[in-house]
Amino acid sequence: MPTFNFLGKDKVIAHKPPFHFLDKKYSVGNNENMIIHGDNLIALKSLLPKFEGRIKCIYIDPPYNTGNENWIYNDNVNDPRLQKWIGEIVGREGEDLTRHDKWLCMMYPRLRLLQRLLADDGAIFISIDDNRI
């Protein structure tokens, strides 16, 4: 069976994101809709107790890893917050990672958490194209 490998994968797989309670700061009507502002890795982990295996449809539009820093959000894996996270999780070998390895280190744990949230009959849609490279 084919495998997908990248530098830092073993460390990222071993990393267990911390659990945080979500602060209910925003409300949209009288329902359970939520607006979550913050690190999506922490937010996804916080959703597991209530929503694991229950989400029918997930749509994400991740950064395309183009290196563009002049867009709505920084699409460059050299963002100081990502560099700090990679340094803490991957360690010294993180200094040798390519832009693509860093992007995969960032995406992998998020995709794994999304997979845990997804229902057995659910679907996940990811917007990405060949411009990612």
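One can find the structure itself at the top, above this paragraph.
Reading the values: rules and limits
Residues numbered from 1 in each chain as written. Predicted model: local features only at pLDDT ≥ 70, side-chain atom pairs only at ≥ 80, totals over all residues. Heavy atoms only, no water. Helix = DSSP H or I, 4+ residues; strand = E, 2+ residues; numbered from the N terminus. Contact = heavy atoms within 4.5 Å. Polar contact = N/O pair within 3.5 Å; in protein donor to acceptor, adjacent residues only side chain to side chain. Salt bridge = Lys/Arg side-chain N within 4 Å of Asp/Glu carboxyl O. Buried < 20%, exposed > 50% of the residue type's maximum accessible area, 1.4 Å probe, protein only. Axes fitted to C-alpha atoms, helices over the stretch in contact; angles between N-to-C directions. Parallel < 35°, antiparallel > 145°, perpendicular 65-115°, else oblique. Nonpolar A, V, L, I, M, F, W, Y, C, P; charged D, E, K, R; others polar. Core = buried A, V, L, I, M, F, W, Y, C linked by side-chain atoms within 4.5 Å.

Caption draft 1: Quick look at the environment of Y59. Looking at the secondary structure, you find Y59 in strand β1 (residues 55-60). Note: C-alpha distance between Y59 and I124 (65 residues apart in sequence) is 5.9 Å. The contacts of Y59, once residues within four sequence positions are left out, are F125 and S127. Within the local environment of Y59, its side chain forms a polar contact with the side chain of S127, the two groups lying 2.6 Å apart.

Caption draft 2: Here's a closer look at the pattern of salt bridges. In this structure the tally under the stated criterion is five salt bridges. For D121, the salt bridge is made with K56, and the minimal N-O distance between the two is 2.6 Å. Here K56 lies in strand β1 and D121 lies in strand β2 (residues 118-126), a separation of 65 residues in the sequence. The exposed category is assigned to D121, whose relative accessible area is 56%. With a closest N to O distance of 2.6 Å, K84 and E88 form a salt bridge. Residue K84 and its partner E88 are both found in helix α3 (residues 80-89); the two are separated by four residues, about one turn of the helix.

Caption draft 3: Spotlight on the packing of α3 against helix α4 (residues 99-117). Their axes nearest at 11 Å, the elements α3 and α4 cross at an angle of 80°. In terms of axis orientation, α3 runs roughly perpendicular to α4. Between α3 and α4, the residues in contact are L82, Q83, W85 and I86 and K102, C105, M106 and P109, respectively. In terms of residue class, the contact of α3 with α4 is built from six nonpolar, one polar and one charged.

Caption draft 4: Spatial organisation of the nonpolar core. Core analysis: the largest hydrophobic core is formed by 25 residues, its most contacted members being L82, W85, I86, V90, W103, C105 and L117. For this core, the elements supplying multiple residues, two or more each, are α2 (40-51), β1, α3 and α4. Among residues more than four places away in sequence, those in contact with I86 are G91, G94, L97 and K102.

Functional significance is not addressed by these values, which are geometric in nature.
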